[in-house]
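Per-entry structural report
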Amino acid sequence: MIRQHLRQAWTMMKQQRLFTGIYIAGTALSIAMAMTIFVILYIKLGPLYPEENRDRLLIFSEVVITGKDGSGVITKPELKLIEQLKHESKLLKRVGVREAEPYSIGHESICEIYSDHSKTTIHEHPVYVDCGYWQFFNFRFVDGRPFTKDEEHSPVAVITASLAEKLFATTDVAGRSVHIDTEVYNIVGVVENQRTCLTNTPSGGNIFVSIRHSRFFDEEKVYGWSEPYNITNGNTYMYTIAETAEQSDSIKKEIADIYKRLLQDRATSDIIIEPRIYEYWQKAMDVRHDSNFFTAISEYLYLLLAFLLIPALNLCGLISTRMSSRLAEVGVRKAYGATDRQIITQVLYENMLFTAIGAFVGFVLTYIIVYKNCDWIATLFDDEISNDTIAQGVTFEMIFNPTVIASVLLLALLLNIASALVPTLLALKRNIIESLYHRR
């Protein structure tokens, strides 16, 4: 029976080529646009290597200081206080630290990176982290290992496979040396290239060294003072993991309470201190630390609805016109004993065949739109992302992820079924005589 329905649908496609072409083109375009939205969201929020714990990652990145006159500043956590926080916390099992983006401290931090084995010089922003950083991102080491706490004060580095290839033409470089400006660092590990596409994510970067070797790090003063509040400015991000939503709230509260107390001990008494801890998606979407998830992605949902619903309404009108021309056929089939269910089933099989072909064409269009235009696709809907923050192209995994494909196909199929079902049900309400004499 299924084979017969599909054979009839194929025959109908060949007989009505204009309708078939319009239907498939409309389905393909809507799926391609919807897939583009899903890919953008997946790049931002999906569990991409090495950030496979995005759904549980918490980021302590801001401290808002407000004076009694209403004026204030936003600074970042200080490394010394983070270390104290770790010792006093009862909930923090693991903590990692990374220096904030170079532009946030108003300095140029691009360094010349080269090796004695190659004449190639690479200009990169070194990523300064502590040994705890490696616990939060599942980097796969193709050679060597991460640096340890005992090595934080030593000139050691971890580099990506792509940087190793450029500098040494091989990834087996653990134990060799790399120059960062005038300093020589011993390479202790090489990691697989990231799949996150963007360099402004927590794991973005090509060379990682100890935060204590940052040119802006000072054991005594750190990053200067925030006047007139008598508070030391920090310039780090702290990472930790929450196993559940309830634990996330508890950890956020504990971090805020401890850090506020530690900072208040050194600050003037007439200020308000508000540590802000973000969930990963809040940072990625550039929203407030107390934002609601569905509110944050509402812009994407509205676009997704438009890309799928508007074509579905147009297809509904197209199928309604087509069903009017097929009323005589419906009347003949009903006269020979066909039930409403059989007629509906036939129409739905035709619809699903059109949708399947349109989906295939849509995926090809998605590949062209996203994969071949990765220099701008990730910048859509996000003013904070520029072409300079894109580390490498959108990967096969981002486009052809089973969850992304299933979500888009399910939405498209439901809307296409609805667009076919409504006109069919209206046509079936007419009696046999009216249907048979429709063209007279």
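Everything that follows concerns the structure shown earlier in this document.
About the cut-offs
Residues numbered from 1 in each chain as written. Predicted model: local features only at pLDDT ≥ 70, side-chain atom pairs only at ≥ 80, totals over all residues. Heavy atoms only, no water. Axes fitted to C-alpha atoms, helices over the stretch in contact; angles between N-to-C directions. Helix = DSSP H or I, 4+ residues; strand = E, 2+ residues; numbered from the N terminus. Parallel < 35°, antiparallel > 145°, perpendicular 65-115°, else oblique. Left-handed = near helix turned anticlockwise from the far one by under 90°. Contact = heavy atoms within 4.5 Å. Salt bridge = Lys/Arg side-chain N within 4 Å of Asp/Glu carboxyl O. Buried < 20%, exposed > 50% of the residue type's maximum accessible area, 1.4 Å probe, protein only. Core = buried A, V, L, I, M, F, W, Y, C linked by side-chain atoms within 4.5 Å. Polar contact = N/O pair within 3.5 Å; in protein donor to acceptor, adjacent residues only side chain to side chain.

What follows covers the packing of helix H3 (residues 79-88) against helix H5 (residues 245-264). As a packed pair, H3 and H5 sit with axes 10 Å apart at the nearest point and diverge in direction by 125°. The pairing of H3 with H5 is recorded here as oblique in orientation. Read as a crossing pair, H3 and H5 show a hand that is right-handed. On H5, the residues that touch Leu-81, Ile-82, Gln-84, Leu-85 and Glu-88 of H3 are Ile-255, Ile-258, Tyr-259, Arg-261, Leu-262 and Leu-263.

Quick look at the pattern of salt bridges now. Evaluated as defined, the whole model comprises 13 salt bridges. Arg-212 is the salt-bridge partner of Glu-152, the closest N and O atoms lying 3.3 Å from each other. Highlighted residues: Glu-152 in the loop between strand E7 (141-144) and strand E8 (156-160) and Arg-212 in the loop between strand E11 (207-210) and strand E12 (225-226), separated in sequence by 60 residues. When its relative accessible area of 4% is taken as the criterion, Glu-152 is described as buried. Members of the salt-bridge network, linked through shared partners, are Glu-52, Arg-140 and Glu-192.

Let us now look at the nonpolar core. Counting residues in hydrophobic clusters, the biggest one holds 43 residues, and the most contacted among them are Phe-60, Leu-85, Ile-159, Val-178, Ile-207, Met-238 and Ile-255. It is H5 that contributes the most residues to this core, seven residues altogether. Apart from the residues lying within four places of it in its own chain, the contact partners of Ile-159 are Ala-164, Val-173, Ile-187, Gly-189, Val-190, Val-191, Asn-206 and Ile-207.

Our focus in this paragraph is the environment of Cys-316. Position of Cys-316 relative to the elements: it lies in helix H8 (residues 298-325). Taking the C-alpha atoms as reference points, Cys-316 and Ile-417, 101 residues apart in sequence, are found 9.4 Å from one another. Contacts of Cys-316, omitting those with residues within four sequence positions, involve Ser-419, Val-422 and Pro-423.

Moving on, we come to the environment of Thr-244. Mapping Thr-244 onto the fold places it in the loop between strand E14 (236-241) and H5. For Thr-244, a relative accessible area of 41% corresponds to the partly exposed category. With 189 residues separating them along the chain, Thr-244 and Asp-55 place their C-alpha atoms 9.7 Å apart. Within the local environment of Thr-244, its side chain forms a polar contact with the backbone nitrogen of Gln-247, the two atoms lying 3.1 Å apart.

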